[in-house]
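Chain residues, written in single-letter form:
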Amino acid sequence: MRRFIRKTIFCTVLSLFIPSMQATADDFTFGADISWATEMEHKGERLYNYQGEERDAFTLMKEMGLSAVRLRVWVNPERHGGWCNKEDVLTKARRAQALGMDVMIDFHYSDWWADPAKQNIPAAWAKHKYKQMLIDVANHTTEVLSLLKDNGINVKWVQVGNETTYGMLWTVKTDPNTGWEIKDDNEQTTIVHSMGHIEKNPEQYAGFFKAGYEATKTIYPEAKVIVHLDKGYSNSLYNKNLEILRKNGAKWDIIGMSIYPYWSRKHESSVPRLFAECIRNMKALVKKYGTDVMVVETGFEVNEAEPWIMEAGREQLAELIRLCKNETDGHCCGLFYWEPTCRPKQYKLGAFSESGHPTSIMRAFTTNAIQRQLGVTPKTLGDIKYDRPIVKLQTTLGDILIELYNETPKHRDNFINIVERGILDSTLFHRAMFNFMIQGGDPSSKNADETTAEFPATQLGYTSATNANGEEYTIQSEILYPKFFNKRGAVGAARADKENNPELRSSSSQFYIAWGKWPTARKVGSEQEPLPYYQEHNLAGVPYLDGQYTVFGEVIQGLDIIDKVQRSKVDQYDRPVNDVRIIKAEVIR
């Protein structure tokens, strides 16, 4: 990218992804609900890691940097294959604990799914009065947890109810064949038994929760009891529910939230605004009720026909993780993904492909885990397995971590080669263009004269690395648009203009890191419409470069450094007046 045209300067609009993700609390938990695991295995569905090696769901989650699993339990799911009964839960808990993973138990208090639309009373309890149903809740909780404890399972968290936004143990009209709720033309359900509904019988809802809490503490006194509601953005909803619990003598240890951008589109079309509302709600609840919060469910869309959708999911999950860790004063204690290993035909907000391979979404977890590990023991990742090489650029403003794509092998191998040869050491980021990109990798910049606004130095940006014979060389293009594109943080290869380089061959050493505006807009004269990634998903980048340059990697840590560089005061050649230098580049795994 030797001849970028100077861009008009706009007032900056920051996107989601400026700061590096550095935890403020060491005990932040990354987990996943993989309750479908045994059923999927029974059906012969297979899972694979990033390298394409077959793995079981539990080993796979640990390899990807997760340390906990969440397991749902149904009262009597005999009509639904018996999956998620207490014996099935024990089987899965044993497998998790054998790998050193923590366990969360999610009581639905139903024979099948319980959620905000329904909390169907188990068939065996259907004719029971309130006082008897209190005993039913306590007995079921005790029975399941005693089985786990008697078998040596250490349960760390217990959810008393699943998404009890409108209460628990109330029944809606369902299809007798499928078990799913029946909705009218207005998508409304009919309540046929309102025992613990929050509007009809709030005291009974609180009573059920209290029974579950006390039964939990009888078996696992140290376990944290979670009250779980959906719509993490709604402060009024949480206050209404929690006030009912508090005023009726119920207790909890953690407030659990569901945060799903996909399901929240009717409420808020902008993901940044949605996340901001969720964080504000967390802070307000912590201040009012004095308990920690946790994201116990989240998920992002998988659509293999449109790969940028999973890229958007990766960026949004990474941002949600960053916000929960860094912007809640340490009071958000974890984040769980709901059923990442499921096939998209089964549920479209998982994180794996139809063939059982991880999509880009899961990389948000793994690269976060890699960052944490590298901060403690460089080059040692423990159980974490990753397929992409990672390069660290130590700069005068801080460290930048770049992962390289294996799908662009010529550029991957060349970048590793010039890093190991020291070609990038002491070079400058010699171009910084506000709301656009930064550029580096010119070997001649190692000994470049210093520059000032009053006395600009000679223009840089026209030399590249040389081969063993001292000759500059170029690399065959590997443009894989739309799989890889110029989202914020994308690392692309600079090149000569099309007129002199019709094959779009890349510079051997010069590279750029995309920044772009947020929200993005179509550039007049660009060759195609921007991907929906930019506008529909409210993410930043430089769409009018897409399909024109080889994108061969992306920044996974240090976007705050990129932001500082692109904001630099520059001379007439777009070179920062105050030099920003790559002190050393190294391959760290």
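Calculation rules
- Residues numbered from 1 in each chain as written.
- Predicted model: local features only at pLDDT ≥ 70, side-chain atom pairs only at ≥ 80, totals over all residues.
- Heavy atoms only, no water.
- Helix = DSSP H or I, 4+ residues; strand = E, 2+ residues; numbered from the N terminus.
- Rg over C-alpha atoms; globule rule 2.2 N^0.38 Å.
- Buried < 20%, exposed > 50% of the residue type's maximum accessible area, 1.4 Å probe, protein only.
- Contact = heavy atoms within 4.5 Å.
- Areas by Shrake-Rupley, 256 points an atom, 1.4 Å probe, with all protein chains shown as cover.
- Lys, Arg positive; Asp, Glu negative; His and termini not counted.
- Charge placed at Lys NZ, Arg CZ, Asp CG, Glu CD.
- Salt bridge = Lys/Arg side-chain N within 4 Å of Asp/Glu carboxyl O.
- Pairing = 2+ DSSP bridges.
- Axes fitted to C-alpha atoms, helices over the stretch in contact; angles between N-to-C directions.
- pLDDT = per-residue confidence, 0-100.
- Core = buried A, V, L, I, M, F, W, Y, C linked by side-chain atoms within 4.5 Å.
- Phe/Tyr/Trp six-rings, centres within 6.5 Å; stacked < 30°, edge-to-face > 60°.
- Lys NZ or Arg CZ within 6 Å of the ring centre and 35° of its normal.
- Polar contact = N/O pair within 3.5 Å; in protein donor to acceptor, adjacent residues only side chain to side chain.
- Disulfide = S-S within 2.5 Å.
- Expected span 1.5 Å × (residues − 1).

Caption draft 1: Local environment of the overall build of the chain. If you tally the helices and strands in the chain, you get twelve helices and 22 strands. In terms of C-alpha radius of gyration, the chain reaches 27 Å, essentially the compact-globule figure of 25 Å for 589 residues. Overall size of the chain, expressed as C-alpha extent along the three principal axes, is 85 × 45 × 40 Å. Buried positions account for 59% of the 589 residues belonging to the chain. Sequence-distant contacts in the chain: of pairs separated by 6 or more residues, those separated by 24 or more amount to 75%. For the chain, the computed accessible surface area is about 23,700 Å², with 48% contributed by carbon and sulfur atoms. Across the chain, the mean location of the 72 positive side-chain charges is 2 Å away from that of the 76 negative side-chain charges.

Caption draft 2: The pattern of salt bridges, seen in detail. Enumeration over the complete set of coordinates arrives at 37 salt bridges. The salt bridge partner of Arg55 is Glu63, with a shortest N-O separation of 2.5 Å. You can call Glu63 buried: its relative accessible area is 8%. The residue Asp106 makes a salt bridge to Arg70 at a minimum N-O spacing of 3.0 Å. With Asp106 in strand E5 (residues 102-107) and Arg70 in strand E4 (residues 68-73), this residue pair connects regions lying 36 residues apart in the sequence. For Asp106, a relative accessible area of 0% gives the class buried. Residue Arg70 is classed as buried on the basis of its relative accessible area of 0%. Among the charged side chains, a network of salt bridges with common partners joins Glu311, Arg314, Glu315, Arg388, Glu403, Lys487 and Glu554.

Caption draft 3: View of the sheet that holds strand E6 (residues 155-160). Strand order in this closed barrel of eight strands is E1-E4-E5-E6-E9-E10-E11-E12, and the pairing throughout is parallel. Averaged over all neighbouring strand pairs, the angle between strand axes comes to 25°, with direction disregarded. The strands that helix H5 (residues 202-219) touches are E6 and strand E9 (224-229); relative to E9, the one it contacts most, it runs at about 150°.

Caption draft 4: Local environment of the confidence of the model for the chain. Per-residue pLDDT for the chain has a mean of 90; in total, 90% of the residues score no lower than 70. Every residue in residues 1-25 scores below 50 in pLDDT, and together they form 88 contacts with partners more than four places removed in sequence or on other chains.

Caption draft 5: The nonpolar core, seen in detail. The biggest cluster of nonpolar side chains holds 121 residues, and the ones touching the most others in it are Met61, Ile105 and Leu148. For this core, the element with the highest residue contribution is helix H8 (residues 307-326), accounting for ten residues. Other than its neighbours up to four places away in sequence, Met61 contacts Ala32, Ile34, Leu66, Met101, Pro340, Thr341, Phe352 and Met362. Of all hydrophobic cores here, the second largest spans 30 residues; its members include Val391, Leu393, Phe511 and Val555.

Caption draft 6: Representation of the pairing of strand E15 (residues 429-433) within the structure. Within E15, five of the five residues are buried, which leaves the element mostly enclosed by the surrounding structure. Bridge analysis of E15 against strand E16 (residues 437-440) gives four bridges, and the strand direction is antiparallel. Bridging from a neighbouring strand, Arg431 pairs with Gln439 of E16.

Caption draft 7: Expanded view of the pairing of E16. A two-sided burial pattern is seen for E16, the buried positions comprising Met437 and Gln439 on one face and Ile438 and Gly440 on the other. Connecting E15 to the next strand, E16, in antiparallel fashion are three residues, including Asn435 with a positive phi near 60°. Two elements, E16 and strand E20 (residues 511-514), share four bridges in a ladder whose sense is antiparallel. Bridge pairing in E20 places Met437 opposite Ala514.

Caption draft 8: Structural detail: the packing of aromatic side chains. Counted by the stated rule, this structure contains 25 aromatic pairs. A centroid spacing of 6.2 Å and a plane angle of 85° characterise the contact between Phe30 and Phe365, whose relative ring orientation is edge-to-face. Of this pair, Phe30 sits in strand E1 (residues 29-33) while Phe365 is found in helix H9 (residues 363-376), placing the two residues 335 residues apart along the sequence. Exposure remark for Phe30: the relative accessible area of 3% places this residue in the buried category. Aromatic ring contacts, followed pair by pair, group Trp36, Trp74, Trp112, Trp113, Trp338 and Tyr347 into a single cluster. Positioned above the aromatic ring of Tyr262, the side-chain terminus of Arg265 is 3.8 Å from the ring centre.

Caption draft 9: Broad picture of the environment of Asp425. Within the secondary structure, Asp425 sits in the loop between helix H10 (409-420) and E15. Assessed through its relative accessible area of 18%, Asp425 is described here as buried. Sequence separation of Asp425 and Lys283 is 142 residues, and the distance between their C-alpha atoms is 44 Å. Looking at Asp425, its side chain comes within polar contact range of the main-chain nitrogen of Ala585, at 2.8 Å.

Caption draft 10: How the structure looks around the sheet that holds strand E22 (residues 582-587). On the basis of which strands lie adjacent, the open sheet formed by eight strands has the order E15-E16-E20-E18-E21-E14-E13-E22 and antiparallel pairing. Since the sheet does not close on itself, it has two edges, and those belong to E15 and E22, each with one partner. Strand-to-strand twist across the sheet, computed as the mean angle between neighbouring axes with direction ignored, equals 25°. The pairing of strand E13 (residues 390-395) with E22 spans five bridges and is antiparallel. Bridge pairing links Lys392 to Glu586 in E22.

Caption draft 11: Here's a closer look at the state of the cysteines. Enumeration according to the criterion identifies zero disulfides in this entry. The closest cysteine sulfur to the non-disulfide-bonded Cys332 is located on Cys324, 3.9 Å from its own sulfur. Free of any disulfide, Cys342 has its nearest neighbouring cysteine sulfur in Cys84, separated by 13 Å.

Caption draft 12: A look at helix H6 (residues 235-247). The end-to-end C-alpha distance of H6, which contains 13 residues, comes to 18 Å, matching closely the 18 Å that a straight helix rising 1.5 Å per residue would cover. Buried within H6 we find Leu237, Tyr238, Asn239, Asn241, Leu242, Glu243, Ile244 and Leu245. Those residues of H6 hidden inside the fold are in contact with H5, E9, strand E10 (254-259) and helix H7 (271-289).

Caption draft 13: Quick peek at unusual backbone geometry. Cis geometry is adopted by the peptide bond preceding Pro482, which originates at Tyr481 and carries an omega value of 10°. Here Pro482 shows up in the loop between strand E17 (474-475) and strand E18 (490-493). We note that Leu504 has phi near 60°; this positive angle belongs to a residue other than glycine. Its place among the elements puts Leu504 in the loop between E18 and strand E19 (506-507). Of note, Asp574 is a non-glycine position whose phi angle comes to about 70°, a positive value. Along the chain, Asp574 turns up in the loop between helix H12 (559-566) and E22.

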